[in-house]
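Letter by letter, the chains look like this.
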Amino acid sequence: MTAALLSLRGVSVGFGGVKVLDGIDLDVRPGEIRGLIGPNGAGKTTLLNVVCGIHGPSQGDVLLEGRSIVGLKPSRIAALGLGRTFQTSQLFRGMTVLENLMSGLHRRTRAGLIAASLNLASYREEEARAEEEARLALEFIGMADFADRPGTALSFGQQRVIEIARTLIGDPKVVLLDEPAVGLSMNRLAEFDRLLRRIRDEKGVTLILIEHVIRLVMDVCDQVTVLSSGRRIADGPPDQVRNDPDVIEAYLGKELRARHTAS
Amino acid sequence: MLSYLLLSGVTTGALYALVALGIVVVNKATGVINFAHGELFMFSGFIAWSLHVQMGVAYPLALPLAVAAGFALGALTDRIAFRPLIKADVISLVLATVGIAFVLRGVARIVWGGKGDYLSFPPITSPEPIMIGQIMVIPQQLAVLGGAILVMLLFAAFFRLTRAGKMMQATADNSKAATLVGIQTARIYTLSFGTGAAIAAAAAVLMAPLTLLYPDMGFAFFIKGFAAAVLGGLTSLPGAVLGGLSIGIIEALAGGYIHSSFIEVSAFIVIMFVLVVRPTGLLGFSRLRRV
Amino acid sequence: MNLFGRRNVLLALFALAAIAPHFVNTYHLFVCNLILVYVLLSIGLNILVGYAGQLAFANAAMFGIGAYGTGLLQVHFGLPFWLAFPLGAVIATSVGLAISLPALRVSGLYLALSSLAFAQFTQWVFLHWEKVTFGAGGFKTPTVSFAPLPVSKPIGLYYLTLILAAVLFLLAQNLVRSRIGRAFVAVRDGEVAAESLGIDLLRYKALAFGLSGFYAGIAGGIYSAMLNFVSPEGYDLFQMVLQKAMVVVGGLGSVAGSVLGAGAIVALLEALREVKGIQEIAFGAILVVFILFMPGGLVGFLKRKVPGWEEPLHRKGAGSAPAPAAAPAPAAGEARP
Ligand SMILES: Nc1ncnc2c1ncn2[C@@H]1O[C@H](COP(=O)(O)OP(=O)(O)O)[C@@H](O)[C@H]1O
Ligand SMILES: [Mg+2]
């Protein structure tokens, strides 16, 4: 068994006395696609926020490649190779799609105040390479034609995929995706499924996927973790989690149990 | 000396508290700061002056009339600079209210006098100081203090007891839920801008007999009220009152013990310091970012 | 390419500005010089407010610090203008960096308050620290000499300002379409997302404050030399609203707009010189009207009506691939209608 890329050790978070996360342990191995599911308000987004440094945990530790990242600034954690997308669209409104992608290259480019304002050759070369790389990244998601559109002119689903590309272009080791498939139609879902696998296989990126579309999670994830009311109630391969009575009872509820028995 | 300074600090502080209350009422409902708030305060004071001094309306009648005018001006600010911009970014919203502030200021300068022209408001009590125990008191200060407390109580009652006040509270707590239960948030915003300005108007009319009126006074009161509101956490009504009193007292002490020129600046130094050391104010709880 | 595109129009304006001294009288030369000073102020403020999205109200104060710095270094220490002027700009830059400190912890409305408090504090220092600043009456500064160049002071100062404005315009334009400009816009459009991409908020906010302080400081130093006089009232709230009006009228988030805004506002200021009483009303109303009805400013209008006014946040044509037609090609991520 390889060492974990990202680990949580007994992470707890409280907001004004309410425990939103309660002693969460998690180990994600390199190359894994990890599903993170749970009912609304279970604490999934909060977990991502703790990992990427937006909130500090009140207890516990978060390790990236065995190094604690608790207390580091979010930008520092990103620089260590942790990318994420958000539950709502966070494209930069004032930028075109291409420029959004190029801003994802921020930490991999170097040009400083002098080189940029004096338009030095070193900066121009870097900028040209950045643009090319951004166009390649758009091709990867099949959206090369959208480069010069304002990001906000696109559909919600398209914006979410561009955000994923914007994170990927920074060459992260692990990417946290917060409900990326919201707004996708059924046939787009299959495509999205393929995209996630390609991200893992072609880019070698480890993924943590929060998703409400259970079918997608069960299909694409190697391991699934289930949160409910801030606790981890199950952890394992999709088949095992799917049949876990605790999960069916506490999270999936009547609706899915009905469907489950029907199939 | 100390007790005299404290009393005058509390009196000015009570006025700052009223200005801060208006700022907080608007901020609670809308999430923005009305940068024309000080000018609404100044303008209402001049309206009261015109009513009382020029037209001879009795003070007890001029006060509610000016408060009503303040409410109308506040509601107008909402209609011009907030409602059409509700989807715009905070910078646009704030700059629009800055624009309104300068329009009001310019109008006041034309109507009520140029730069440096101060209008005096006749005192409504005897100007002779009286002694209460060991403390020398100017009756007008007591009148202002009493009036300010009365306005605060009236406002608290309005906010807690009336239907409009409760709706304002509900909108402030959760505007989405308020919309769901059928509260028309746009009207609540108008009401909040109006109420905030009405409280400022009351403060201006209470203050008028104590000092002089001049077109530039609005900004000084605004920034101190804003500072008071921030000290109190920006969304807390009791916090605004405490913040106002603190700033009034700090100013009075700085003026009395350091130099009179420090009256002006002490509030700014305090606020810069507080914002660096404790950005959420004295009472405010840190609000965590949601994403 | 586009005859009336941004580049051509700005070049024409520059050419016009370069020959202007041959055609205008002393007073109008002063006004032209004033426009250039405001171009500098407006570019700096636009970097801070328009690009980096920081709602700060201290720009007039930094303008004043540049003017006082340049003037007082000459008066108290006998430094020549040519040394005092850059030092004044350095002081304003440092102050800009210093007031960015609270901005890194407090954002939005709190920043508005702390910068307002700072601006009022600066006014107070100008007024009350009489031993150093000479108080409300202000002080005279020595006349700048351009010797050994054979030019008079107004002409020399005008060309100095023109060169500085043109150079600092180009630097700003290069900067905003680099990764630094994109980082500013990212911070403006979404702090949390920007951080998640490794953009250090602290660094880029401080940089934006420092740059706006630098531009304001340069403008202040020149302004003090133009007037041969420095007093507190040039850097008060009215100055603040003038500068805000410039960037809004020109267009927030546009370097070219800063130039147009500065020209428009100074022209209006001149037109209203006889009726000072309505200046406050006019500039306040302009601010409101533009925000309500022309949120992109003059440049926003030009971008819609005249081809060639776009200001992309990257170097156009640096990479490959012509802009494809806007046919909505199928893509992963199309939403259900
Ligand atoms: N910044 C915050 N401040 C206070 N409470 C929060 C904050 N963020 C989330 N919560 C609360 O924490 C709980 C978990 O939220 P979240 O992590 O968003 O759940 P999920 O993503 O699983 O739907 C919810 O009850 C939510 O109201
Ligand atoms: Mg969530």
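Just so it is clear, the model here is predicted, and its values are computed rather than measured.

### A short note on the overall build of chain C
- Within chain C, the regular secondary structure consists of 14 helices and two strands.
- Taken over C-alpha atoms, the radius of gyration comes to 21 Å for chain C, in line with the 20 Å a tight globule of 337 residues would show.
- Expressed as lengths along the three principal axes of its C-alpha atoms, the size of chain C is roughly 70 × 50 × 40 Å.
- Across the 337 residues that make up chain C, the buried fraction comes to 61%.
- Pairs at least 24 residues apart make up 80% of the contacts formed inside chain C by residues separated by at least 6 positions.
- When the accessible surface of chain C is split by element, carbon and sulfur atoms take 69% of a total near 13,100 Å².

### Structural notes on the overall build of chain B
- Each helix and strand counted, chain B has eleven helices and four strands in total.
- Along the first, second and third principal axes, the C-alpha atoms of chain B reach 55 × 45 × 35 Å.
- Looking at chain B alone, contacts between residues at least 24 apart form 74% of all its contacts between residues at least 6 apart.
- On chain B, roughly 12,100 Å² of surface is accessible, and the fraction owed to carbon and sulfur atoms is 69%.

### Thoughts on the interface of chain B and chain C
- In this assembly, 47 residues from chain B lie in contact with 41 residues from chain C.
- Buried area between chain B and chain C, summed over both chains or domains, comes out near 3,700 Å², and the portion from carbon and sulfur atoms is 82%.
- Counting every contact that joins chain B to chain C gives one salt bridge.
- With a shortest N-O distance of 2.8 Å, Glu280 of chain C and Arg109 of chain B are connected by a salt bridge.
- Connecting chain B to chain C are two residue pairs in polar contact (both at pLDDT 80 or more).
- Broken down by element, the residue count for the side of chain B that touches chain C peaks at 16 residues, all from helix α4 (residues 90-112) of chain B.
- A breakdown of the residues in the side of chain B that touches chain C according to their chemical character gives 35 nonpolar, seven polar and five charged.

### Details of the sheet that holds strand β3 (residues 33-37) of chain A
All names here are of chain A.
- The strand order β6-β7-β8-β3-β9-β10 describes an open sheet built from six strands, whose pairing is mixed. Of all strands in the sheet, those bounded by a partner on one side alone are β6 (82-84) and β10 (231-236). Across this sheet, the average inter-strand angle for adjacent strands is 20°, counted without regard to direction.
- Pairing analysis gives four bridges linking β3 to strand β8 (residues 206-210), with the strands arranged parallel. Its bridge partner being in β8, Ile33 is matched across the sheet by Leu207.
- On the sheet, helix α6 (residues 156-168) packs against β6 and β7 (174-178) and is oriented at approximately 160° with respect to β7.
- In the packing of helix α7 (residues 186-203) onto the sheet, the strands contacted are β3, β7 and β8, and the crossing angle to β8 comes to about 155°.

### Here we look at the packing of helix α2 (residues 26-51) of chain C against helix α12 (residues 255-271) of chain C
Residue and element names in this part refer to chain C.
- It is the contact of α2 with α12, at a shortest axis distance of 7 Å, that shows an interaxial angle of 135°. In terms of axis orientation, α2 runs oblique to α12. Of the two elements, α2 crosses α12, and the hand of that crossing is right-handed. Mapping the contact onto sequence places Tyr27, Val31, Leu34, Ile35, Tyr38, Val39, Ser42, Ile43, Asn46 and Tyr51 in α2 and Val255, Ser258, Val259, Ala262, Gly263, Val266 and Glu270 in α12.
- For the contact of α2 with α12, the residue count by class is twelve nonpolar, four polar and one charged.

### Side note on the coordination of the magnesium ion (ligand 2)
All names here are of chain A.
- The coordination sphere of the magnesium ion (ligand 2), as far as protein atoms go, consists of Thr45 (OG1) and Gln87 (OE1), spread over 2.0 to 2.5 Å. Of this pair, Thr45 sits in helix α1 (residues 44-51) while Gln87 sits in the loop between β6 and α3 (97-103), and the two are 42 residues apart along the sequence.
- Judged by relative accessible area, Thr45 falls into the buried class, the value being 15%.

### A short note on helix α1 (residues 6-19) of chain C
Residue and element names in this part refer to chain C.
- For α1, which comprises 14 residues, the first-to-last C-alpha distance of 20 Å matches the rise-based estimate of 20 Å (1.5 Å per residue) to within 8%.
- Among all positions of α1, only Arg6, Leu10 and Ala17 are buried. The arc that holds every buried residue of α1, seen down its axis, measures 20°, which confines them to one face. In α1, the exposed positions angled more than 90 degrees off the buried face are occupied by Leu11 and Leu16.
- On its buried side, α1 packs onto α7 (153-176) and α12.

### With respect to the environment of Ala67 of chain C
Residue and element names in this part refer to chain C.
- Within the secondary structure, Ala67 sits in helix α3 (residues 59-77).
- Relative accessible area serves as the criterion here: at 0%, Ala67 is assigned to the buried category.
- Through-space distance from the C-alpha of Ala67 to that of Gly220 is 4.1 Å; in sequence the pair is 153 residues apart.
- The residues contacting Ala67, other than those within four sequence positions of it, are Gly220, Gly221, Ser224, Val230 and Tyr235.

### Overview of the confidence of the model for chain C
Residue and element names in this part refer to chain C.
- Averaged over every residue, the pLDDT of chain C is 89; residues scoring 70 or more account for 92%.
- Counted against residues more than four places away or in other chains, residues 319-337, with its pLDDT under 50, gives 44 contacts.
- For this predicted complex, the interface confidence comes out at an ipTM of 0.92, alongside a pTM of 0.92.

### Description of the state of the cysteines
All names here are of chain A.
- Considering all chains together, one arrives at zero disulfides over all chains under this definition.
- The thiol of Cys52 is unpaired, and the distance to the nearest cysteine sulfur, on Cys221, comes to 19 Å.
- The class for Cys52 is buried, based on a relative accessible area of 7%.

### Things to note about the pattern of salt bridges
- Counted under the stated rule, the structure contains 30 salt bridges over all chains.
- Between Arg197 of chain A and Asp219 of chain A there is a salt bridge, with the nearest N and O atoms lying 3.9 Å from each other. Taken together, the residues Arg197 of chain A in helix α7 and Asp219 of chain A in helix α8 (residues 214-220) connect sequence positions 22 residues apart.
- The class of Asp219 of chain A is partly exposed, set by a relative accessible area of 47%.
- Two residues, Asp189 of chain C and Arg188 of chain C, come together in a salt bridge whose shortest N-O distance is 2.9 Å.
- Because the salt bridges share partners, they merge into one network encompassing Arg29, Glu32, Arg34, Arg232 and Asp235 of chain A.

### Examining the interface of chain C and chain A
- The partner chain A presents 56 residues to the 50 residues of chain C that form the contact.
- In this structure, the connection of chain C to chain A is made through two salt bridges.
- For the salt bridge of Lys73 of chain A with Asp200 of chain C, the shortest nitrogen-to-oxygen distance reads 3.1 Å.
- If you look at where chain C meets chain A, you find twelve residue pairs in polar contact (both at pLDDT 80 or more).
- For the side of chain C that touches chain A, the secondary structure elements donating two or more residues are α7, α8 (179-189), α9 (191-196) and α10 (201-227) of chain C.

### Considering helix α3 (residues 59-82) of chain B
Residues and elements named next belong to chain B.
- Between its first and last C-alpha, α3 extends 33 Å over 24 residues, near the 34 Å set by a 1.5 Å rise per residue.
- For α3, the full list of buried residues reads Tyr59, Ala62, Ala66, Gly70, Leu73, Gly74, Ala75, Thr77, Asp78, Ala81 and Phe82.
- Where the residues of α3 are buried, they touch α1 (2-30), α2 (37-54), α4 and α8 (185-207).

Basis of the calculations
- Residues numbered from 1 in each chain as written.
- Chains lettered and ligands numbered in written order.
- Predicted model: local features only at pLDDT ≥ 70, side-chain atom pairs only at ≥ 80, totals over all residues.
- Heavy atoms only, no water.
- Helix = DSSP H or I, 4+ residues; strand = E, 2+ residues; numbered from the N terminus.
- Rg over C-alpha atoms; globule rule 2.2 N^0.38 Å.
- Buried < 20%, exposed > 50% of the residue type's maximum accessible area, 1.4 Å probe, protein only.
- Contact = heavy atoms within 4.5 Å.
- Areas by Shrake-Rupley, 256 points an atom, 1.4 Å probe, with all protein chains shown as cover.
- Buried area = accessible area lost by both parts, 1.4 Å probe.
- Salt bridge = Lys/Arg side-chain N within 4 Å of Asp/Glu carboxyl O.
- Polar contact = N/O pair within 3.5 Å; in protein donor to acceptor, adjacent residues only side chain to side chain.
- Nonpolar A, V, L, I, M, F, W, Y, C, P; charged D, E, K, R; others polar.
- Pairing = 2+ DSSP bridges.
- Axes fitted to C-alpha atoms, helices over the stretch in contact; angles between N-to-C directions.
- Parallel < 35°, antiparallel > 145°, perpendicular 65-115°, else oblique.
- Left-handed = near helix turned anticlockwise from the far one by under 90°.
- Donors = N, O, S within 2.8 Å, 3.2 Å for Na, K, Ca; no water.
- Expected span 1.5 Å × (residues − 1).
- Arc of directions from axis to C-beta.
- pLDDT = per-residue confidence, 0-100.
- Disulfide = S-S within 2.5 Å.

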